[in-house]
Amino acid sequence: MRALVLGGSRFLGPRLVQGLVGNGHDVDVLNRGTTPAEFPVGVGRLYADRQDRNQMRAVLAGREYGVVYDVSGLAPPETQTTIELLAGRVGHYVYVSTSAVYERRWTAPVTEDCPYNEVEGLAYGRNKAATEQALFKAYRDTGFPVSVVRPWMVFGPNNSIPSREQLVFLRVQLGRPVFLPYNGYVHIQYGHVDDLARAMVMMARESRCIGQAYNITGPDAITLNGYLQIVASLMGREAQVVYLDYGDVLEEAGNYRELLPFPWQYSRIASIEKARGDFGFWPEYDSRRCTVDSLRWYLAELAGSMEYDFSREDAMLARYGGGARRGVITPDGLMPEVVR
Ligand SMILES: NC(=O)c1ccc[n+]([C@@H]2O[C@H](COP(=O)([O-])OP(=O)(O)OC[C@H]3O[C@@H](n4cnc5c(N)ncnc54)[C@H](OP(=O)(O)O)[C@@H]3O)[C@@H](O)[C@H]2O)c1
């Protein structure tokens, strides 16, 4: 099948391109060419800024694709442009959305029919939700063949969000504390980038996926402490933890995004049964295997050279002084004790 990847050069994109090429597809990627990237031999390069309708019209003129993967669409205008330019010339359009489109839930799991987050949350989630709604409207009005994937946090080698993996490894390596909200007992869920890419390749073959949205993530949820426990056990070192109070979390998470690996105020846990039922997807990587793979990458490529300015964290520690609630997460798998 002829495939186009909108994006393709940062984190998910390269793994998706590899997966498509490995499955025998002819692949083009479309991006601005500003993010450095090397692609497998035979991958076609199209250069355009998605914000610029004229550039997009020029590069897409006369092209037809069996499947288009919209990995780079963040807000409705750029995807509205591709809907208009590709109408009638694409067999399946897979949009990469996010779990942040869902409203807060106090129950688990979150299934795909849970309501959108209409009134709260960051612009990122609202823009993704609005983009989904524009795509589903095009599906209802004109049959535009869209499927949506809603990944939870994506982990794996080359993660482009350093706070979630690389900076945690670095802090533990240096014996520095990791800041966590809510005594570390909020549940998080993450999946491996290769599982996500594999799901996206699989779903493009299934016409029953058209008009549908799918949660894609790992099979298990884990507390923040549990994540640190995996890191401590794999690195063979204690993880020092400082637990922030609610007010501090709100203040610091907003001002200093790299401080907290996960600034969640509530657990959001996915059901991935719909993807299993409709196209046979089940993840190969659970929480631990994901972190094994990322840590392998970190140790091979970053551990000796990664630098980070911790002065802001030092200032916070000085401000908290002896008042901080601290924990020590040991490699042996015991639950952490919170101490003053
Ligand atoms: N990471 C997570 O935990 C997570 C969770 C849920 C959902 N997601 C979603 O997953 C997707 C994956 O992102 P990724 O960074 O890994 O994807 P990627 O496809 O690997 O990289 C982003 C691509 O977008 C291109 N791009 C950016 N702005 C552009 C523009 N104006 N015009 C054309 N191309 C543009 C970049 O290339 P140039 O810079 O060269 O243009 C790059 O190729 C995103 O949609 C994200 O919202 C991620």
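This text goes with the structure placed above it.
Note that the structure is predicted; figures quoted are calculated from it, not measured. Sequence order as written defines the numbering, with residues in each chain counted from 1. In keeping with the predicted nature of the model, local features appear solely for residues at pLDDT of at least 70, side-chain atom pairs appear and are counted solely at 80 or more, and the whole-chain, interface and lining totals rest on all residues. Computation of side-chain values: all heavy atoms of the structure, hydrogens and water removed.

Things to note about the overall build of the protein chain
Thinking step 1. Each helix and strand in the protein chain was counted, giving 11 helices and 15 strands.
Thinking step 2. For a compact globule the rule gives 2.2 Å times the number of residues to the power 0.38, and the radius of gyration it is set against comes from C-alpha atoms. Relative to the globule expectation of 20 Å for 340 residues, the C-alpha radius of gyration of the protein chain, 21 Å, shows essentially globular dimensions.
Thinking step 3. With the principal axes as the frame, the protein chain shows a C-alpha extent of 65 × 40 × 35 Å.
Thinking step 4. Using a 1.4 Å probe on the protein chains alone, a residue whose accessible area is under 20% of its type maximum counts as buried, one over 50% counts as exposed, and one in between counts as partly exposed. Split into buried and exposed, the 340 residues of the protein chain put 54% on the buried side.
Thinking step 5. Contacts between residues were defined by any pair of non-hydrogen atoms, one from each residue, lying within 4.5 Å. Within the protein chain, contacts between residues at least 6 apart in sequence are counted, and of these 78% link residues at least 24 apart.
Thinking step 6. Here the Shrake-Rupley method, with its probe set to 1.4 Å, supplies the accessible areas, and only the displayed protein chains count as covering residues. Accessible area for the protein chain stands at about 14,700 Å²; split by element, carbon and sulfur atoms hold 49% of it. A run of DSSP states H or I qualifies as a helix once it reaches four residues; a run of E qualifies as a strand once it reaches two. Both are numbered from the N-terminal end.

A word on the side chain of T217
Thinking step 1. Within the secondary structure, T217 sits in the loop between β11 (213-216) and β12 (222-223).
Thinking step 2. Not counting chain neighbours up to four residues away, the residues in contact with T217 comprise W152, Q189, Y190, G191, A270, I272, F281 and P283.

A look at the nonpolar core
Thinking step 1. Throughout, nonpolar core names a set of buried Ala, Val, Leu, Ile, Met, Phe, Trp, Tyr and Cys residues whose side chains join them through atoms within 4.5 Å. F179, I188, Y190, Y227, L228, L244 and Y298 are the most contacted members of the largest nonpolar core, which has 46 residues in total.
Thinking step 2. Taken together, the elements giving at least two residues each to this core come down to β7 (153-155), α5 (166-174), β8 (178-181), α7 (224-235), β13 (239-244), α10 (287-301) and α11 (311-320).
Thinking step 3. Counting residues per element, this core draws most heavily on α7, which supplies 7 residues.
Thinking step 4. Apart from residues lying up to four places away in sequence, Y298 is in contact with Q166, F169, L170, Q173, A303 and M306.
Thinking step 5. Judged by nonpolar contacts, the second largest core, of 33 residues, contains V29, V96, C209 and F279.

Some points on the pattern of salt bridges
Thinking step 1. Basic side-chain nitrogens of Lys or Arg form a salt bridge, by our definition, when they fall within 4 Å of a carboxyl oxygen of Asp or Glu. Considering all chains together, one arrives at 15 salt bridges under this definition.
Thinking step 2. In this structure, R198 and D195 form a salt bridge, with 3.0 Å as the shortest nitrogen-oxygen distance. Here R198 pairs with D195, and both are found in helix α6 (residues 193-203), just 3 residues apart, close to one helical turn.
Thinking step 3. When its relative accessible area of 3% is taken as the criterion, D195 is described as buried.
Thinking step 4. Of the charged contacts, one joins E273 and R276 as a salt bridge, the two residues approaching to 3.1 Å between their closest N and O atoms. Within this pair, E273 and its partner R276 are both found in helix α9 (residues 273-279), separated by 3 residues, close to a single helical turn.

Concerning the pairing of β11
Thinking step 1. Side chains A213 and N215 of β11 all project onto a buried face; the interleaved residues Y214 and I216 project onto the opposite face, where all are buried too.
Thinking step 2. Across 4 bridges, strand β6 (residues 146-151) lies against β11 in parallel orientation. Opposite V148, over in β11, you have A213 as the bridge partner. Here the rule is simple: two strands pair whenever DSSP picks up at least two bridges between them.

Overview of the site of the ligand
Thinking step 1. Contacts to the ligand come from 30 residues, most closely from G8, S9, T35, V71 and Y124.
Thinking step 2. In the model, an oxygen atom of the ligand is placed 2.8 Å from a nitrogen or oxygen of the F11 main chain.
Thinking step 3. Between N or O atoms, a polar contact is any pair within 3.5 Å; within protein, one atom must be a potential hydrogen donor and the other a potential acceptor, and residues adjacent in sequence are included only when both atoms are from side chains. Take T35: an N or O atom from its side chain is 2.6 Å from an oxygen atom of the ligand.
Thinking step 4. If you list the elements that add at least two residues to the shell around the ligand, you get α1 (12-22), α4 (123-142) and β7.
Thinking step 5. For the shell around the ligand, the element with the highest residue contribution is α1, accounting for 3 residues.
Thinking step 6. Three classes are used, and their members are as follows: Ala, Val, Leu, Ile, Met, Phe, Trp, Tyr, Cys and Pro are nonpolar, Asp, Glu, Lys and Arg are charged, and the others, Gly among them, are polar. Its residues assigned to classes, the shell around the ligand comprises 13 nonpolar, 11 polar and 6 charged. We call a residue near a molecule or strand when any one of its heavy atoms sits within 4 Å of it.

A closer look at the environment of T131
Thinking step 1. For T131, the location among the structural elements is in helix α4.
Thinking step 2. Taking the C-alpha atoms as reference points, T131 and L234, 103 residues apart in sequence, are found 39 Å from one another.
Thinking step 3. What T131 contacts, discounting residues up to four positions off in sequence, is L74, A75, P76, T79 and Y95.
Thinking step 4. At 2.8 Å, the side chain of T131 forms a polar contact with the backbone oxygen of N127.

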